[in-house]
Every structure is written in structure tokens, then in C-alpha cells.
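Okay, here's what each chain looks like letter by letter:
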Amino acid sequence: MSLLNIQNLTLSIGDSAILKDVSLSVAPGEIVAVTGESGSGKSMTALAVMQLLPELAQANGTLSLDGINLLEQSEEQLCALRGASIGMVFQEPMTALNPVKTIGDQVMETILIHKAMPPARARQHAQEMLERVGLPADRFPLSRFPHELSGGQRQRVVIAMAIALRPKLLIADEPTTALDVTTQAQILALLKDLVQDFGMGLLMITHDLAVVADLADRIVVMRHGEVVESGTTQGLLANMQHPYTRMLFAASNHQVALPPAPAPKPLLQVKGAVRDYRLPRQSLFGAPGHYRAVQDVSFTLNRGERLGLVGESGCGKSTLTRAILGLEPLQGGEILLDGGPIGINQSAEQRRKMQVVFQDPFGSFNPRHRVDRLITEPFHLLDKPPTGSARRDLIAETLTAVGLSPDDAAKFIHQFSGGQRQRIAIARALITRPELILFDEAVSALDVSVRAQILDLLAELCKSYALTYLFISHDLNVVRTITDRVLVMKAGEIVEQGATEAVFTSPKHAYTQSLLAAAPVLPDLGKGADVA
Amino acid sequence: MLRYSIKRLFSLILSLAVASLVIFFVIEIAPGDPASFMLGINAQPDTVAALRTELGLDQSKFSRYAAWVGGMLSGDFGTSYTYRTPVAEMIADRLWVSLPLALYALALSTLIAFPAGIYAAARRGKAGDMAVMGATQLGVAVPNFWFAMMLVLIFAINLRWFNAGGFVGWDEGLLAGLHSLTLPAISLALPQAAILARVMRSALLDILGEDFMRTARAKGLSRRQALWRHGLRNALIPVLTIIGLQFSFLLAGAIIIEQVFYLPGLGRLVFQAISARDLIVVESVVMLLVFAVITVNFLVDLAYAAVDPRLRSRT
């Protein structure tokens, strides 16, 4: 007898169909993972179960929890079910909690709103729940506010709220996507533990196939609002039926072949770089404190080399990146590009040797400019920017190089998908033929299939343009395939560096070891993935 | 919280000191001699000299500034040149009209704006929202003195519920005093309420889109419960800013309404003092208003911290 039973669920908002004939079920104590790329309808499926859909959404079919058809319940009945019979954990722990209420009040609210216990008992129960999710009372009293906790700790509070009344079904929508790998591993272990302990059903929504393979009892693969394939994790991994499923797993584990790096000849030299941030004064006349974001970092990036920089959030990799771009002053050490110093006041000459590609393909373009203007922005760094037909030819050549058409030059940015936008960002970085390109989490926001294409593009560009780049990412799998050498950063320091494959196969530093151990890995799919 | 309050208090005192310096020296720098300016172009030289001595203009700048600030601290604002009465008394009399009027108007404005804004936000895009938004559009667009005249026409002249103007004084009792301030307070409050309701609505709508509101709904709160328990307090932060600005305006900017209703308030006092070139009165009232504005800002800062725990711990 399944706990959650979805049969032929269709959902439309206005004229657009969001979900088409979705069927899936979750049994008590079972973890079912719904996976797919953005726009596949996986989050909408979760919201449909909660019946927290957008106002104009129209749902049809069967959606029953323990024999109760949720689609036929009144709003009042649904309020009684939400939080008590179904709990939900969301993606963004930083914003999922009310900033002006204490964590104790917020956990207690779940209990009190359903009048499950008198207030005094509820307080004690909230404390127990926080302890259960790993927030002991001596360090995390009920009176703490959300802003006093880290992302992982906040996600634990959200989980405590969701499980406070021991719901039969827990829905987790990308619960670890916003977290670092080590935190992710802890949260996933906690969820798994709770499912066993409470006998809950867990409906887990995630795009991360490595997480899916690690955690789920059964997998449901969705695309464009439809379920393309579902089955037990073992069975599905061993024998994928649908080409989309195979593509998805292959793309997640996509490997590229980089051309060999030329003989070492230094291009970028970072020598003992130190970056301090001033903290607010503790008292009126006391000296302000300092926070050292980058501590005595030294490394060399050779011409033609592809270097990776990995580390968890807050490790200082973004600060270091900005310092290399000459956007942050250093308090010690120096950074040399091609022998010349980099700093806040560097010359245009020096600036054009370096370009950057950012993470967000949606926010990093001016929406009112056409593509030709967007990608020629770095021209202002040139002494004699090309004009007329030379300019047109260069634009056409660069767009072709990144896999777009020269006709795209006249379009606006909103006419492109996320992957195409990232290609345009690469074109913008490439057009002045810089010596060095910085990729700052450049593929992190992309779906796996698009990410695989962009990685292919980079490998191709390495062959045709002999690129030198610094690839900053938290995604270890990507760094492993796209770089020759890697730096591992922790708390402002480079704790390990070396040839990428060597660092990944036999990490020396304890931190690198724990990082690699925490990262969920795709199982070796063997022949299952190859049968196309 | 205590640290934060002390810090804010320190900045309040600093602002007041800077403001007093600016006010004093602007009048000092102003071309011409204050005494001859006050007496007009036809004044006799010995009259001017006498006034200079009376005003203390023959002393050094520093000692005059010290005397002015020292006087204000001990409640002595000097003597009005035109009325020959202590400025402190004149201001106190007027303040007993202006302050209650401002508070009355602020209370009305908040009482109208909060329910209207919450109602509109809860019914976003529906008829109720449109009606409230239409009404507030009108409230923002129509000047308050026109409201004032309409109120007089309807409630004073036709219905005879209120007097058309004047203030009976607090000696007649609290209710009688409030009664005679009601029409002015309403005409001051309506445009303010319209602005405040719009701010309340948009602040709430912003909050309704926040992730934690969805979390609240997932816990089993109804839409209304989520709005009241989680939405309102977060929406208060921008609303408090506007309330602070509005109070300062109500205290100092009621001059037209005081004129329409013939109320002996601070606005009219400044107006008369400027016409009569009574610099001592102008200087003192301006300083008092600056004091009021800075104090209100201080209170708003404290209210922020009471609402938002992130501010308390940051400093």
C-alpha cells in the first residue's frame, strides 16, 4: 500500500500545460527521487502534492495521500494536512526562515498551529526536534535568530520544522543544492536517517544525479512535464530504457579531452597574496579588527595551462578571483600577469590581457544591447578597435567559434537560452584574444546537458585558440575533467596543489580527502550507459 | 540592543550639535546686520545700536553661540523682538496645538493606512485592491487644503458637527480640544494615509513573495495566518521609515492647514515671525523642529531594532 499515490496528474497554468499524465508513488519508509533538468516539472509536482500551486494553476487526476484525495480537499482541510501529515523542505535555507523570529518560535509554530500540544510541551518538543537534527540546546538555544546560523544549520532548522509532527510524507525540493559538499553529505545523511527512524516516505526533488544514485530507493526521471522513465535505483541504473535518461547520466559524467599543455612558461604569478577586510570597530575608540580572506597565497599559472581552483563557500576563492582581476587591493604580496603588476589602477594594456566569464547567464548582460554590442564591450581596452568590415568579420568569427551563428549578432539577449547566453559570455571574453580567461563558476547554473556542451566547447577552444584559464568552481567533477592542475583552497589558504588527476586520485591534505569523500559520485554505469 | 541604542543616542547628540552650529552660523553669515535687518531700512542708527546691545551682537561669535545653546538647554530661548514675550512661552503655547495635531493626524493616518494596505495586499489584483489603490491615488493627488475646504463645507457649514476653524483650547477639556482639531487632523491625515497605505501594500506584496512565507504555508498556516504572523512584522521596516518622515512633516509642515482652520500652531508662528523679521523666534523654532526631526529619527531607529533582530546584533 503506497503512502502517496499520484495517478495521471495533469496541471496547466492558463493555456500552458505544466504537467502531463504524471504518475508516481511513494511507500512509507521509501525514498523516491524525482529528477530532471530545469523546466521538467519536478518542482511543480512537489508543490502539487502540497497543494501550494500558483493561483491560476488547474490540476486534474488523482493525488492521494493515505487514501485521501488531496485534489478534493477544502483549503481548510489542506491546512490541517500541511505540516502535520506532509512536511516540506526547500532549496534556499538562507531565505526559507523568517528573519525576525527565533528558531524556537518557528519550530514551535508547526506544533502550535495544529494544536498538537500545549505551549510548554511544544517548547520542549521543539527543543527535542532541534537536537534530533543536530542542533544541541547548549550551542543552539531556541532563542537564536536565523541570521546567527550558517546555511547548513538553517537547513537543519527547516528540517526540524518539517518533521516536528512526524509527518507521514516529507517532500524535499533540492534540499542541498545551495549547500557545500561536506554540508550536503551531512544533510543527506540526516534525511536518510530520519526516513528510517520515523518510517516517513521521502519525495526528493533534485537535479543532481549523483545524489539521486546515492540516496534513492526509486528514481523518477522527468522531462517537459512528463515522466519518461521510473524504476528502482538499482534496476534503472543497470538498464536505462529511455534515451533521455541515458543522455542525462552520460552528460552528468561528461568527460572532455584537453590538448596537452605546452612547456611551462609563467603567465600569471601570485606571490604571497594577502587580502584583509576591515571589521566594524568593537568599541568606539578601539582599533577595528580584520578578517583575512586570503592568506599568503602563492601559485603560478603557466601559459597554455588550464588551472582549477576549488573550495567551499567562504574559503576566499571569490576574493582571490577579484584580486586577480584587479578589483580588490592586496594588503601584502603581489600578482603579476605577463611580468606586469596587477592592481586597482592597472593600465588598459594590462587589463585587456585578461577576461572573465561569470556564473549567472541571466544577470551578466545588459538586456537593452544587441549581441554585437555586448560581445564587443572589451574593445574599449584596445588602442585601435577594429571598425567596419574588420569588426563584422571578428564578431562573426567569434560567434562561430562559440557555436552560434553570425546572424545572432543582431539579436537581444532575452532571445537566447541559458546555455547560449553562456556561449555569448565566452565570446565576449574571447573576442580580444586575451592571454588569460577566468571562469568564475561559469557552468554551475547550467543544466547537465547544457553543461556538457559548454565543456565540449571549452575543450575545442583550447585546441583552436590555445586558451589559458583559471577555472573557479565548487563542482569537483567538472574541475576534474576541464583542468590540468588544481588548487584546493580552505580558509583563505591553498592547502594543496598539483596535477588534477593526481590530486583527485591520491589527495595528500586531510581537507582535500574529506572534500572528495563528501562529494557524491555517480556509480560506474558500465555498459548500461553505453547502449545507445 | 543597549549598545545599539547608545550608539544611536550618540549620533543623535552629534547631529543636534552640528545642526545648532549650522543654524547659528547661517544666520551669522547672512549678509547685513541682524539688528538693522529686523528693524527695516528706515530705522534710526541709535535704535539699531540699542537692539544690537539687546541681542548681544556686540559680543564675540563664540560667546553668543555658547549663550544661545546654553539658554536653549536651560529653557531660555530669548525674547521675541516683535511680541516682547519670552520665545519659550510662545513656542510652548503653539506646541500645545501643533504636537497634539500632528499626533492626532499620525494616528488617524496609521489607522486608515494599515487596514487599507493590508486589505489591498491580501486581495491583490481583485476589485478590493483596485478600489483601495484608486482611492489612494486620489489621496496622493489632491492637495490637503482642498480636502480641508471640502470638510469644512460638509461638516462645518452644512452638517454643523464641527466649527469651521479656531481652537477652543485644552482648558475646555480633552474632548472639546480634540473635537476642534478633528477636521484639521483628518485633512492632514488623508494624503499621508494614502501614501502610507501604498507603502504598506507594496511592502507586504514584496514579503508575500519571500521564501519564508511559502515555508509558513507548508507548515499549515492559512494564507491569512501567514500574512499576520510572518508578513506584517517584516513589512513594518519600510513602513516605519515613512511614518518617521511623515511625523516630521506633520509637525512642521501643517502651515497651510493651520491657516485654513485658523489654528494657533507652530507653522503660523514661523510664518508670522518671518514676515515680522523676528529672527530670534525663527532661529528657535527652526532649532526646535530640527530637534523634533532628529528625535523622531532616533525613535524610528530604535523601532527598527525592535522589529529586526539583525540590526540589534550587527552593532
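This text follows the structure it describes.
Residues numbered from 1 in each chain as written. Chains lettered and ligands numbered in written order. Predicted model: local features only at pLDDT ≥ 70, side-chain atom pairs only at ≥ 80, totals over all residues.

Engineer: Sorry if this is basic, but what is going on with helix 6 (residues 127–141) of chain B here?
Structural biologist: Along an α-helix, a turn takes 3.6 residues, which lines up residues three or four apart on a common side. All names here are of chain B. In this model helix 6 runs 21 Å from its N-terminal to its C-terminal C-alpha over 15 residues, within 8% of the 21 Å that 1.5 Å per residue would give. Burial in helix 6 covers these residues: Val132, Thr136 and Gly139. All buried residues of helix 6 lie within an arc of 55° about the axis, which places them on one face of the element. Looking at helix 6, the residues exposed on the side facing more than 90 degrees away from the buried face are Ala127, Gly134, Gln137, Leu138 and Ala141. Contacts made by the buried residues of helix 6 are with helix 5 (87–122) and helix 8 (174–208). (Helix = DSSP H or I, 4+ residues; strand = E, 2+ residues; numbered from the N terminus. Expected span 1.5 Å × (residues − 1). Buried ≥ 20, exposed ≤ 12 C-beta atoms within 10 Å, placed from the backbone. Arc of directions from axis to C-beta. Contact = placed C-beta atoms within 7 Å.)

Engineer: Honestly, the sheet that holds strand 20 (residues 493–499) of chain A in this entry has me stumped. Any pointers?
Structural biologist: By definition, the strands of a sheet pair up through backbone hydrogen bonds, in either a parallel or an antiparallel sense. All names here are of chain A. What the six strands build is an open sheet, ordered 16-17-18-13-19-20; its pairing is mixed. Unpaired on one side and paired on the other, strand 16 (354–357) and strand 20 mark the two borders of the sheet. Here the strands of the sheet are splayed against their neighbours by 20° on average, with no regard to which way each runs. Relative to strand 18 (residues 469–473), strand 17 (residues 436–440) is paired through four bridges, and the arrangement is parallel. By the bridge assignment for strand 18, Phe439 is matched with Phe471. (Pairing = 2+ DSSP bridges. Axes fitted to C-alpha atoms, helices over the stretch in contact; angles between N-to-C directions.)

Engineer: Is there a simple way to explain the sheet that holds strand 15 (residues 340–341) of chain A in this structure?
Structural biologist: All names here are of chain A. As summarised here, the arrangement of the four strands in space is 12-11-14-15, forming an open sheet in which the pairing is antiparallel. The sheet terminates laterally at strand 12 (290–302) and strand 15, the two strands that pair on one side only. Here strand 11 (residues 266–278) pairs with strand 14 (residues 332–337) via five bridges, running antiparallel. When the sheet's bridge partners are listed, Val270 is paired in strand 14 with Ile335. Against the sheet, helix 10 (residues 317–324) contacts strand 11, strand 12 and strand 14, and its axis sits at roughly 60° relative to strand 12.

Engineer: Can you help me understand the interface of chain A and chain B in this one?
Structural biologist: For interface size, the figure often reported is the accessible area lost on association. Across the boundary between the two partners, chain A contributes 24 residues, which contact 18 residues of chain B. Residue assignment for the side of chain A that touches chain B shows that the elements contributing at least two residues are helix 2 (75–81), helix 3 (103–113) and helix 5 (151–163) of chain A. It is helix 3 of chain A that provides the largest number of residues to the side of chain A that touches chain B, a total of three residues. The class makeup of the residues in the side of chain A that touches chain B is 15 nonpolar, six polar and three charged. (Nonpolar A, V, L, I, M, F, W, Y, C, P; charged D, E, K, R; others polar.)

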